[in-house]
Amino acid sequence: MYAPKLYAYYSEILGKLFERMPHLRRPFPHSIFTATSINFGPTVTWCHLDGGNIPFGLCAIAALGLFDYKKGGHLYLWELGLVVEFPSGGLALITSGSVHHGNTPVQPGETRYSVTQYCAGGLFRWVAYGFRTAAAFLRRDPLGKRQFDAALADRWQECLNLFLKASELAADVRAVFGVSE
Ligand SMILES: [Fe+2]
């Protein structure tokens, strides 16, 4: 609901993947994401970048556990200089492949866990390369691979266009899901 165009992009590309390889299963049938990681604690999540995630994609982080979210468990986004209160039961959608992030510690005796859903960028790349690796693409079609790589110069703008503009939310939701906001 917060990134309908991105959802449609995931649906289109991953749809091709699941059509070609019908034995593949998502961790949760009604989730668009293809991978899930569970942090059972008790350590904090240190500042990191999930370089394997699709860089313009979203990562859904659910915070769980018993802790005072005013005193710990904050989500921080390093390059943005943001520290955000993140209570248990909350869900954050972040671009985990392009912004360093982590959590602040919780108080002694408290617990904090998290469930994270995301998509590996390699899946999208594999589909875009014609259901093959970069090496196989280059070997079988060197000219095609060169043309593909040359087109990447403008790719970042296409990716930015997948993100939400508040003024376009209602129209995007209608266009992608066929319902109003
Ligand atoms: Fe992460």
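See the structure printed just above.
Quantities reported herein were computed from a predicted structural model and do not represent experimental measurements.

### As for the packing of aromatic side chains
On inspection of all chains with the given rule, the structure shows 10 aromatic pairs. For the pair Tyr-7 and Phe-177, a centre-to-centre distance of 5.0 Å together with 55° between the ring planes defines the contact as tilted. Taken as a pair, Tyr-7 in helix α1 (residues 4-20) and Phe-177 in helix α6 (residues 169-177) lie far apart in primary sequence, 170 residues in all. Among the residues examined, Phe-177 registers a relative accessible area of 30% and is labelled partly exposed. Among the aromatic side chains, those forming a connected cluster through ring pairs are Tyr-9, Tyr-10, Phe-33, Phe-56 and Phe-124.

### Re the sheet that holds strand β1 (residues 35-39)
Read across the open sheet, the four strands follow the order β1-β7-β2-β5; overall the sheet is antiparallel. In this open sheet, the two strands that pair with only one neighbour each are β1 and β5 (91-94). For this sheet, the mean inter-axis angle between neighbouring strands, taken without regard to orientation, is 20°. Alignment of strand β2 (residues 59-64) against β5, held across four bridges, turns out to be antiparallel. Bridge pairing in β5 places Ala-62 opposite Leu-91.

### A few points about the side chain of Thr-34
On the secondary structure map, Thr-34 appears in the loop between α1 and β1. Classification of Thr-34 by relative accessible area gives buried; the value is 19%. With residues near it in sequence (within four places) discarded, Thr-34 still touches Leu-14, Phe-18, Pro-27, Tyr-118, Cys-119, Ala-120 and Leu-123.

### A closer look at the sheet that holds strand β3 (residues 75-77)
The antiparallel open sheet is built from three strands, whose spatial order is β4-β3-β6. Because the sheet does not close on itself, it has two edges, and the strands there are β4 (82-84) and β6 (101-103). On average, each strand axis in the sheet is inclined to that of its neighbour by 20°, with strand direction left out of account.

### Observations regarding the pattern of salt bridges
This structure, assessed with the given rule, holds six salt bridges. With a closest N to O distance of 3.7 Å, Lys-16 and Glu-12 form a salt bridge. Of this pair, Lys-16 and Glu-12 both sit in helix α1, separated by four residues, roughly a single helical turn. Overall, the relative accessible area of 38% leaves Lys-16 in the partly exposed class. One network of salt bridges, in which partners are shared, links Lys-5, Glu-168 and Asp-172.

### Quick notes on the packing of α1 against helix α2 (residues 121-128)
To describe two helices that pack against each other, one gives the angle between their axes and the distance between the axes. Closest axis-to-axis distance for the α1/α2 pair is 10 Å, and the angle between their directions is 65°. By the criterion of interaxial angle, the relationship of α1 to α2 is roughly perpendicular. The handedness of the crossing between α1 and α2 comes out as left-handed. Together, Tyr-9, Tyr-10, Ile-13, Leu-14, Lys-16 and Leu-17 of α1 and Leu-123, Phe-124, Trp-126 and Val-127 of α2 make up the contact between the two elements. A per-class count over the contact of α1 with α2 returns nine nonpolar, no polar and one charged.

About the criteria used
Residues numbered from 1 in each chain as written. Predicted model: local features only at pLDDT ≥ 70, side-chain atom pairs only at ≥ 80, totals over all residues. Heavy atoms only, no water. Phe/Tyr/Trp six-rings, centres within 6.5 Å; stacked < 30°, edge-to-face > 60°. Helix = DSSP H or I, 4+ residues; strand = E, 2+ residues; numbered from the N terminus. Buried < 20%, exposed > 50% of the residue type's maximum accessible area, 1.4 Å probe, protein only. Pairing = 2+ DSSP bridges. Axes fitted to C-alpha atoms, helices over the stretch in contact; angles between N-to-C directions. Contact = heavy atoms within 4.5 Å. Salt bridge = Lys/Arg side-chain N within 4 Å of Asp/Glu carboxyl O. Parallel < 35°, antiparallel > 145°, perpendicular 65-115°, else oblique. Left-handed = near helix turned anticlockwise from the far one by under 90°. Nonpolar A, V, L, I, M, F, W, Y, C, P; charged D, E, K, R; others polar.

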